[in-house]
Amino acid sequence: MRVITLECPECGTVVAANEIEDNRIMKCPGNDCESVLRFDDLPEDDRSFYLKNREQYRL
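Here the structure is a predicted model, which means the values were calculated and not measured.

Draft legend 1. Highlighting the confidence of the model for the protein chain. For the protein chain, per-residue confidence averages 90 on the pLDDT scale, and residues scoring 70 or more make up 98% of the total. Helix α1 (residues 17-23) is the least confidently modelled element of the protein chain, averaging 84 in pLDDT, while strand β4 (residues 36-38) averages 95, the highest of any element.

Here's what the structure looks like:
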């Protein structure tokens with residue numbers, strides 16, 4: 001399994017791709033951070049790998 005994450009450009013909070021994909025768009029979970037994170041912010045190769053292997057990332 002490949003670990004796919006996105007770092008918030010504002011506060012540095014790291015969010016897993018599966019959390020972002022579930023919502024496609026989400027407010028950063030960092031304390032007092034108002035940044036919005038989008039699944040489309042992930043690099044194309046990470047997005048396509050995640051979508052092709054989605055079942056590996058489910059708990």
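Draft legend 2. Focus on the nonpolar core. Counting residues in each nonpolar core, the largest one holds 14 residues, and the members touching the most others are I4, I20, L37, L42 and Y50. Apart from the residues within four sequence positions on either side, Y50 is in contact with I4, A17, N18, E21, F39, Y57 and R58.

Draft legend 3. The pattern of salt bridges, seen in detail. Scanning the entire structure with this criterion turns up 4 salt bridges. In this structure, E21 engages R24 in a salt bridge whose closest nitrogen and oxygen atoms are separated by 3.4 Å. With relative accessibility at 8%, the residue E21 sits in the buried group. Since its relative accessible area comes to 39%, R24 is described here as partly exposed.

Draft legend 4. Region of interest: helix α2 (residues 44-52). Considered for burial, the residues of α2 that qualify are D46, R47 and Y50. Looking straight down α2, one finds that the buried residues subtend no more than 100° of arc, so they occupy a single side. Where α2 is buried, its residues contact α1.

Procedures and definitions
- Residues numbered from 1 in each chain as written.
- Predicted model: local features only at pLDDT ≥ 70, side-chain atom pairs only at ≥ 80, totals over all residues.
- Heavy atoms only, no water.
- pLDDT = per-residue confidence, 0-100.
- Helix = DSSP H or I, 4+ residues; strand = E, 2+ residues; numbered from the N terminus.
- Core = buried A, V, L, I, M, F, W, Y, C linked by side-chain atoms within 4.5 Å.
- Buried < 20%, exposed > 50% of the residue type's maximum accessible area, 1.4 Å probe, protein only.
- Contact = heavy atoms within 4.5 Å.
- Salt bridge = Lys/Arg side-chain N within 4 Å of Asp/Glu carboxyl O.
- Arc of directions from axis to C-beta.

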